[in-house]
Structures are given as C-alpha cells and as structure tokens.
Amino acid sequence: MLQYEFMQNALWGVVLISVIAGFIGTVIVVRRKVFVAGGITHASFGGIGIAYYLGINPLIGAFLFAVTTALSIDILEKKSKIRPDSAIAMLWSLGMAIGLIFMFLSPGYSANLMGFMFGDILSIAVSDIIGMATIAAVTVMLALLFYRPLLYVSFSPGFAKLSGLKVGLIQSVVSVLTALGIVVAIKAVGIVLVLSLFTIPQAISAMFTHNMKVMFFVSTIIALLAGVMGLMAAYFIDLPASAVITATLAIVMVVLKLVRR
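Residues numbered from 1 in each chain as written. Predicted model: local features only at pLDDT ≥ 70, side-chain atom pairs only at ≥ 80, totals over all residues. Heavy atoms only, no water.

## Some points on the side chain of Gln-171
So, step 1. Position of Gln-171 among the secondary structure elements: in helix α9 (residues 167–197).
So, step 2. Residue classification places Gln-171 among the buried positions, given a relative accessible area of 13%.
So, step 3. With residues up to four places along the chain from it excluded, the contact list for Gln-171 reads Arg-31, Asp-74, Lys-78, Val-153 and Pro-157. (Helix = DSSP H or I, 4+ residues; strand = E, 2+ residues; numbered from the N terminus. Buried < 20%, exposed > 50% of the residue type's maximum accessible area, 1.4 Å probe, protein only. Contact = heavy atoms within 4.5 Å.)

## Here's the deal with the nonpolar core
So, step 1. Within the largest apolar cluster, 56 residues are counted, with the highest numbers of intra-cluster contacts made by Ile-20, Ile-40, Ile-121, Ile-182, Leu-197, Phe-198 and Leu-249.
So, step 2. In terms of residues, this core owes the most to one element, α9, which gives twelve residues.
So, step 3. If sequence neighbours within four positions are ignored, Ile-182 has contacts with Ala-37, Ile-40, Thr-41, Val-194 and Phe-198.
So, step 4. Listed in part, the 14 residues of the second largest apolar core include Tyr-147, Leu-151, Val-167 and Val-174. (Core = buried A, V, L, I, M, F, W, Y, C linked by side-chain atoms within 4.5 Å.)

## Comments concerning the confidence of the model for the protein chain
Caution is warranted with low-pLDDT regions, since their predicted coordinates should not be read in detail.
So, step 1. With 96% of its residues at a pLDDT of 70 or more, the protein chain has an overall mean of 83.
So, step 2. Averaged pLDDT values for the elements of the protein chain fall to 67 in helix α5 (residues 111–118) and rise to 90 in helix α10 (residues 200–205). (pLDDT = per-residue confidence, 0-100.)

## A look at helix α2 (residues 34–54)
So, step 1. Across its 21 residues, α2 extends 31 Å between first and last C-alpha, which sits within 8% of the 30 Å expected from 1.5 Å per residue.
So, step 2. Among the 21 residues of α2, 15 are classified as buried, and the element is accordingly described as predominantly covered. (Expected span 1.5 Å × (residues − 1).)

## Structural notes on the packing of aromatic side chains
So, step 1. Tallied over the entire structure, the rule returns eight aromatic pairs.
So, step 2. The ring of Tyr-147 has Lys-213 sitting right over it, with the charged end atom 4.6 Å from the ring centre. (Phe/Tyr/Trp six-rings, centres within 6.5 Å; stacked < 30°, edge-to-face > 60°. Lys NZ or Arg CZ within 6 Å of the ring centre and 35° of its normal.)

## Here's the deal with the environment of Thr-134
So, step 1. By the secondary structure assignment, Thr-134 is in helix α6 (residues 126–145).
So, step 2. Residues Thr-134 and Val-189, spaced 55 residues apart in sequence, show a C-alpha to C-alpha distance of 19 Å.

## A short note on helix α11 (residues 212–236)
So, step 1. Between its first and last C-alpha, α11 extends 36 Å over 25 residues, near the 36 Å set by a 1.5 Å rise per residue.
So, step 2. Looking one or two residues beyond α11, the residue adopting positive phi is Asp-238, at roughly 55 degrees.

## Some words on empty space enclosed by the protein
So, step 1. Going through the model one piece at a time under the given rule, you end up with two cavities of 30 Å³ or more.
So, step 2. Size it by volume and the largest cavity reaches roughly 110 Å³.
So, step 3. In terms of lining, the largest cavity is formed by Ile-28, Arg-31, Lys-33, Val-36, Ala-37, Ile-40, Ile-73, Asp-74, Glu-77, Val-174, Ser-175 and Thr-178.
So, step 4. Secondary structure elements with two or more residues in the lining of the largest cavity: α2, α3 (58–79) and α9.
So, step 5. Partitioning the lining of the largest cavity into residue classes produces six nonpolar, two polar and four charged.
So, step 6. In this structure, the second largest cavity is lined by Val-14, Ile-17, Ser-18, Ile-121, Val-189, Leu-197, Ala-223, Gly-227 and Ile-245.
So, step 7. Sorting the residues of the lining of the second largest cavity by element identifies α1 (5–30), α9 and α11 as the ones contributing at least two each.
So, step 8. Among the elements that line the lining of the second largest cavity, the one with the most residues is α1, at three residues.
So, step 9. Here the lining of the second largest cavity is built from residues that sort into seven nonpolar, two polar and no charged. (1 Å grid on protein atoms, 1.4 Å probe; cavity = no way out; pocket = protein on both sides within 12 Å on 5 of 7 lines; lining within 4 Å. Points joined across faces, edges and corners; volume = space filled by probe spheres on them. Nonpolar A, V, L, I, M, F, W, Y, C, P; charged D, E, K, R; others polar.)

## Observations regarding the layout of surface pockets
So, step 1. In this structure, the largest pocket occupies an estimated 360 Å³ of space.
So, step 2. Around the largest pocket sit 16 residues that line it, and Leu-142, Phe-146, Ile-170, Val-173 and Val-174 are the ones nearest its centre.
So, step 3. Of all the secondary-structure elements, those providing two or more residues to the lining of the largest pocket are α1, α6, α7 (147–155) and α9.
So, step 4. Per-element tally for the lining of the largest pocket: the top contributor is α9, with six residues.
So, step 5. Across the lining of the largest pocket, the residue classes tally to 13 nonpolar, two polar and one charged.

So, in structure tokens, the structure goes:
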C-alpha cells in the first residue's frame, strides 16, 4: 500500500491530524465547546466558496473564515446580549449560505468544492503535510508548556481570572488554534464528518480517565487507530476513508459503553 506516494502522504496526514485532533479536541470537549467547533467548521465553507470563486486556494479562504468566526464567537459571547448558541447558529448558517451562493456563481463543475464537504484523504499533498506538521507542532508545544493555565481556564475561567491569568487572551489563542486545526482536517475528512475526530476519541478517553494530560495522548492514539483503519479501507475495499473513520469511532464507543455497563 505504501509503495505509492499519495498513500504515504495520506498516512502522514492521518498521523498529523490525529495529533491535532487529540490535543485540540480534548480542550474542546473539556471546555464544552463542541457546538462552537461545529459553528467554526461549517462557517469555513463560506471561505471555501469565495476562494473557489476567486480562483485561489480554497483552504486560504477557509482559514480566514474559520479564524474570523472563532474570534467573532468569543466577542459575541463576552460583549453581546445575543445568546451564545443563537450567535453560533447564525454564523454557522451564514457561512454555509455564503459558500452555497458562491458555489452556484462559480463557472464550470464544482466537484472539487463538494470534495471539501466529505473529504478526500488520498488527495493530500506535501504542502498540506507541511501545514499540518506546523500546526501540530505549535499545538503540542503550547499545550504542554502552558498546561496549567490551560487547565484552569478550561475548568474554571472565574478562578483563573482571580489567579491573575489573562483568560481572554488564552481563550482567543485556543479559538484560533481550534479554527486552524479544523481547517487542515477538512481536506481529509470533510466538513460534514470532521467534528467526529475532535469529539468521539475524547469522549472514549474520558470513559477511562479524567486527567486532561492523559486525555491528550489517549485521544491521539484512538484517532490514529481509527484513521489508519479508514485509510486501509479506502485503499483495499474502495470505501470513503472519512466515513469509515467516523463509523469505526462510533462503533468502538458504543461497544465500550456496553462493556462498561
């Protein structure tokens, strides 16, 4: 399987996305910001549509939209009288609407754009791997170096603020990293299924440990195993890798729940 360069790139992509999802996803789940992550994910579709219409790399548009959405949600949560869930739903719907409008306006066949909805892990290029590796390295470094402040902000922002931590800055950095992590994973598993990598492995690891640092690594390993299984299925039995990854994670979680019960 690994005699082909595109399969080697795909495997590297699985490894790096698993690391990103393992660390960022743990913070998302612990902070109970899964709905926020969903809003960022779907809002990025607007940037993909605009970038595709302008003839530039769709991931550039996705990056800009995702980061803007993440920071906008933070601002709306702190300073707006709009309920956070309503603000997220508004940005979520607006991003999808903008993406669909520009997809319709784009000349020619938009198959590549639709590929971002469901992902294509076999299309990962060397440039994508470099981007993933950079974000993975920054994520791991920040998570381990600033573990204590991150822990306090995740579990008790009020206590963290009283302790003198810059809660707003930490939350903004986490939001930006979440946006970047989600966008680099979109090309592999798609907008529709990307959230599964950032939530299900973490939910599985939470069944066995409540230590946040342990969850980082356990979630990464679970995401990696599911990713490799999805990649093998895509190669040997011609199934969509993103769908197999999601199905594998869901089945493992259900089985473990039943066993524990």
